[in-house]
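Chain residues, written in single-letter form:
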Amino acid sequence: MKVTTIGLDLAKNWFQVHGVAADGRVVIRRKLRRSEVIGFFKSLPPCVVGIEACATAHHWARELIALGHRVKLMPPAYVKA
């Protein structure tokens, strides 16, 4: 049950995390507070994290890259609700 890809939905106070394994199974579906995000990603092995490009996305991308994750920023037109 190793997470390979994570979709991170950024918001003001609550962030939504959706993680899938290599075979496509959903293994993580959590709601995190802003203060819990760094601790959560520290506990994971390095993986690909997809984030919608927005005002704070670059800040969070730098934080996650520092933890060893590979971050992909996507234009809002490519992100599905």
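Heads up: the structure comes first, above all this text.
Quick look at the structure, then.

Criteria and cut-off values
Residues numbered from 1 in each chain as written. Predicted model: local features only at pLDDT ≥ 70, side-chain atom pairs only at ≥ 80, totals over all residues. Heavy atoms only, no water. Helix = DSSP H or I, 4+ residues; strand = E, 2+ residues; numbered from the N terminus. Buried < 20%, exposed > 50% of the residue type's maximum accessible area, 1.4 Å probe, protein only. Contact = heavy atoms within 4.5 Å. Lys, Arg positive; Asp, Glu negative; His and termini not counted. Charge placed at Lys NZ, Arg CZ, Asp CG, Glu CD. Core = buried A, V, L, I, M, F, W, Y, C linked by side-chain atoms within 4.5 Å. Phe/Tyr/Trp six-rings, centres within 6.5 Å; stacked < 30°, edge-to-face > 60°. Lys NZ or Arg CZ within 6 Å of the ring centre and 35° of its normal. Pairing = 2+ DSSP bridges. Axes fitted to C-alpha atoms, helices over the stretch in contact; angles between N-to-C directions.

**A few points about the overall build of the protein**
In terms of helices and strands, the protein carries two helices and five strands. Along the protein, helices (α) and strands (β) appear in the sequence β-β-β-α-β-α-β when read from the amino end. For the protein, the spread of C-alpha atoms along the three principal axes comes to 30 × 25 × 20 Å. By residue count, 32% of the 81 residues in the protein fall in the buried class. Considering only residue pairs separated by 6 or more positions, the protein has 31% of its internal contacts joining residues 24 or more positions apart. Positive and negative side-chain charges in the protein, numbering 13 and 5 respectively, have mean positions lying 1 Å apart.

**A word on the nonpolar core**
Ranked by size, the top nonpolar core spans 22 residues in total, and within it Ile6, Leu8, Phe41, Val49 and Ile51 carry the most contacts. Elements with a minimum of two residues in this core: β1 (3-9), β2 (14-21), β3 (26-33), α1 (37-42), β4 (48-52) and α2 (57-66). Per-element tally for this core: the top contributor is α2, with four residues. Leaving out residues up to four positions away in the same chain, Phe41 has contacts with Ile6, Leu8, Val49, Leu64, Leu67 and His69.

**What about the packing of aromatic side chains?**
Counted by the stated rule, this structure contains two aromatic pairs. Here the aromatic rings of Phe15 and Trp60 are separated by 5.3 Å at their centres, their planes lie at 85 degrees, and the arrangement is edge-to-face. A residue pair is termed long-range when its members are at least 10 positions apart, and Phe15 in strand β2 and Trp60 in helix α2 qualify at 45 residues. The exposure class assigned to Trp60 is buried, which follows from its relative accessible area of 5%. Centre to centre, the rings of Phe40 and Phe41 are 5.3 Å apart; their planes meet at 85 degrees, and the pair counts as edge-to-face. Across the pair, exposure class does not vary: Phe40 and Phe41 are buried alike. In this structure, Lys31 is placed above the aromatic ring of Trp14, and the distance from its NZ or CZ to the ring centre is 4.9 Å.

**Concerning the sheet that holds strand β5 (residues 70-74)**
The mixed open sheet is built from five strands, whose spatial order is β3-β2-β1-β4-β5. Only two strands of the sheet have a single neighbouring strand rather than two, namely β3 and β5. Neighbour-to-neighbour, the strand axes of the sheet open up by a mean angle of 20 degrees, direction not taken into account. Sheet topology places β2 next to β3; seven bridges connect them, and they run antiparallel. Looking at the pairing, Gln16 lines up with Lys31 of β3. On top of the sheet, α2 reaches β1, β2, β4 and β5; it is set at about 165 degrees to β5, its chief contact.

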